[in-house]
Amino acid sequence: MTREEMVATYLDKLGLSGQPVSIEFIQAMQSHHIAQFSFNSLAVVLGQDISLELADIFKKIVLDGRGGYCFEHNKLFYEVLSHLGVDVQIKMARVVYNKDIDVPRTHRISLMKLNGESYIVDAGFGHFGPRYPVRLELGEEQIQGGDVYRITASTHDRYCFQMLKDGAFFTLYTFDLNHYTDMDCLTGHFYSHKHPNAGFVNNLVVSKKYSHEVISLRNHEVHRIVDHKSTVSVVDSEEMLHDVLSKTFELKIDRAVVSYLYNKFIERNDVKAVR
């Protein structure tokens, strides 16, 4: 497929073909993307090689419906926007989860400039991720369905990407506006899916985010948030895990793979912190 054919197929999958580029169109694109294509660590925990070539990402996420994580989702989104003539730049972030810690840049995002406004675009952060681009307007609280996001200034030319959580703003990650390339992403990608201490290597994570519902699997728990109310179900059998992966998240997955995942992340009873 040519890049033009990939973009056309992608937009058709999201039901957005033939629409003019505007902030409303990009908002719809991002919200449809995170509802249609799952964020997950499956390829990582199964030890599979994960290519960051656009054709491979397109096949994995759009054609095969296997989902992926930030380096895949946000590259695909970046390439679509770029093809549509939108000014987008690669940026890298450090996932800190509200802690003052020094961690590597393991998260890819995009800086988008449109009609005189700057936005952070992130279609690959899972259940905490935004549904729409977030304006790079310091301190401005931006409501997105049941979530509230804002960007604030930090030290050393860094910015904090925050969401309102339990009544207070919580920093998901920090980022800067330095120049980054695909080669920088390869470094973070290699750490994220190969290093023995990386969060995705040690945790089974799957999520989809709809307009009024968020569903996520975090090792042995299924979290559902509907109308600001959260419920948690414990995965207590291979059959339940298979149903969650195949029916809830619409992933094609072999029973043998489900058995492996259940034994490694649930039955072992050694659950580590999820990113």
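All figures in this text were calculated on a predicted structure; none of them were measured in a lab. (Residues numbered from 1 in each chain as written. Predicted model: local features only at pLDDT ≥ 70, side-chain atom pairs only at ≥ 80, totals over all residues. Heavy atoms only, no water.)

Asker: Could you give me a rundown of the sheet that holds strand β6 (residues 142-144), with the residues and numbers involved?
Answerer: What the eight strands build is an open sheet, ordered β5-β4-β3-β2-β9-β8-β7-β6; its pairing is antiparallel. In this open sheet, the two strands that pair with only one neighbour each are β5 (134-135) and β6. Relative to strand β3 (residues 107-114), strand β2 (residues 87-95) runs antiparallel, the two sharing seven bridges. If you follow K91 over to β3, its bridge partner there is I109. Along the sheet, helix α5 (residues 70-83) contacts β2, β3 and β4 (117-121); its crossing angle with β3, the most-contacted strand, is approximately 20°. Sheet strands touched by helix α6 (residues 182-194): β2 and β3. Its angle to β2, the strand with the most contacts, is close to 25°. (Pairing = 2+ DSSP bridges. Helix = DSSP H or I, 4+ residues; strand = E, 2+ residues; numbered from the N terminus. Contact = heavy atoms within 4.5 Å. Axes fitted to C-alpha atoms, helices over the stretch in contact; angles between N-to-C directions.)

Asker: I'd like a rundown of the confidence of the model for the protein chain, residues and numbers included.
Answerer: With 97% of its residues at a pLDDT of at least 70, the protein chain reaches an overall mean of 94. The model gives residues 270-275 a pLDDT under 50, and that stretch makes 19 contacts with residues more than four places away or in other chains. (pLDDT = per-residue confidence, 0-100.)

Asker: Please give an account of the side chain of T174 that cites residues and values.
Answerer: Within the element layout of this structure, T174 appears in strand β9 (residues 168-175). The class for T174 is buried, based on a relative accessible area of 9%. In this structure, T174 is in contact with M92, A93, R94, V96, R158, Y159 and C160, ignoring residues within four places of it in sequence. (Buried < 20%, exposed > 50% of the residue type's maximum accessible area, 1.4 Å probe, protein only.)

Asker: Could you give an account of the packing of helix α1 (residues 3-13) against α5, naming the residues involved and the relevant values?
Answerer: Helix-helix packing is described using two parameters, namely the angle between the two axes and the distance between the axes. Here α1 crosses α5 at 110°, and the two axes come no closer than 10 Å. The angle between α1 and α5 falls in the class roughly perpendicular. Side by side, α1 and α5 meet where R3, E4, V7 and Y10 of the first sit next to L76, F77, E79, V80 and H83 of the second. Classifying every residue of the contact of α1 with α5 gives five nonpolar, one polar and three charged. (Parallel < 35°, antiparallel > 145°, perpendicular 65-115°, else oblique. Nonpolar A, V, L, I, M, F, W, Y, C, P; charged D, E, K, R; others polar.)

Asker: Lay out the packing of α1 against helix α2 (residues 23-36) with the relevant residues and their values.
Answerer: Viewed as axis vectors pointing N to C, α1 and α2 meet at an angle of 75°, and their least axial separation amounts to 10 Å. Here α1 is positioned roughly perpendicular relative to α2, judged by the angle of their axes. Together, Y10, L11 and K13 of α1 and F25, M29, H33 and Q36 of α2 make up the contact between the two elements. For the contact of α1 with α2, the class distribution of residues is four nonpolar, two polar and one charged.

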